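# Close look at the chain arrangement
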Amino acid sequence: MTEARGGLSRERIVRAAVALIERDGIDAVSMRRLAAELAVGTMSLYNHVPNKAALLDAIAEFIMADIEFATDPDADWQDQTRALAHTFRGIARRYPRSVLVVITRQPKSTVGLHPVEIALAAVRKGGFDGQVAVRLVRTFVSFVLGSLINEVGVAEAAGAGVDAPDKAELAEALSRAGYLNVRDLLPVLAEHDHDRDFEFGLELLISAVQALPRGS
């Protein structure tokens, strides 16, 4: 990213935008709000970022550039897939709100396409090509993002300070409603081991993919 006059640079602008998104959400981002965060005039931002669309593209590029997609080219496609999934999960945990910008922007540079290239190479190594290869990559990305959404939701619910319902009363209410499976498994449903859930889902996906017929 290019350095700029007076201490303001494209990189500083993008970093401030990422911090703003992580704190207040994507809807909080505007050139005016960003200028206020940086204590500069709004027009000074346009010397480095021409508009909001370009800013969002730069944010997506910044997030992707922060990912170390180091996979062993000699590893089998299953281990490569595991490594990629864990890497993407790591970045999603680091930037849980900004990562949504990544998946809603079309890559405008080779930086943004780098993880796509590695992911496609992994599934093609497994014997999948064409539309199946693309769908597999999208499926794994959806799984990682879905697990993150669940993890964030549980954390926000816990942080809200809502009192847990009385277990006996809840069990009785579930019985009256006919939700017998929920009642019986309530203690298990109340447990949240995000790491184990992620590993379970990832291995389940890999096993399912192994059973798919090869070819395009």
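Note that the coordinates shown come from a computational prediction; the quantities given were computed from them, not determined experimentally. (Residues numbered from 1 in each chain as written. Predicted model: local features only at pLDDT ≥ 70, side-chain atom pairs only at ≥ 80, totals over all residues. Heavy atoms only, no water.)

### With respect to the nonpolar core
In this structure, I13, L34, L45, L55, I59 and I63 are the most contacted members of the largest nonpolar core, which totals 52 residues. Of all the elements in the fold, those that place two or more residues in this core are α1 (10-24), α2 (31-38), α4 (52-65), α5 (77-94), α6 (99-104), α7 (110-125), α8 (130-159) and α12 (194-210). Apart from the residues lying within four places of it in its own chain, the contact partners of I13 are L8, L34, L38, L45, H48, V49 and L55. (Core = buried A, V, L, I, M, F, W, Y, C linked by side-chain atoms within 4.5 Å. Buried < 20%, exposed > 50% of the residue type's maximum accessible area, 1.4 Å probe, protein only. Helix = DSSP H or I, 4+ residues; strand = E, 2+ residues; numbered from the N terminus. Contact = heavy atoms within 4.5 Å.)

### So, α2
Where α2 is concerned, the buried positions are M31, L34, A35 and L38. Seen along its axis, α2 keeps its buried residues to an arc of 100 degrees; they face one direction. Every exposed residue of α2 that faces more than 90 degrees away from the buried side is listed here: R32 and A36. Close packing links the buried residues of α2 with α1, α3 (42-45) and α4. Positive phi shows up at A39, right after α2, with a value of about 60 degrees. (Arc of directions from axis to C-beta.)

### Regarding the environment of V101
Within the fold, V101 resides in helix α6. The buried category is assigned to V101, whose relative accessible area is 3%. Once the C-alpha coordinates of V101 and I26 are considered, the two residues, 75 residues apart in sequence, prove to be 8.0 Å apart.

### What to know about unusual backbone geometry
Not every positive phi belongs to a glycine, and A39 is a case in point at roughly 60 degrees. Under the relative-accessibility criterion, A39 is labelled exposed at 70%.

Honestly, it's all geometry; don't read function into it.
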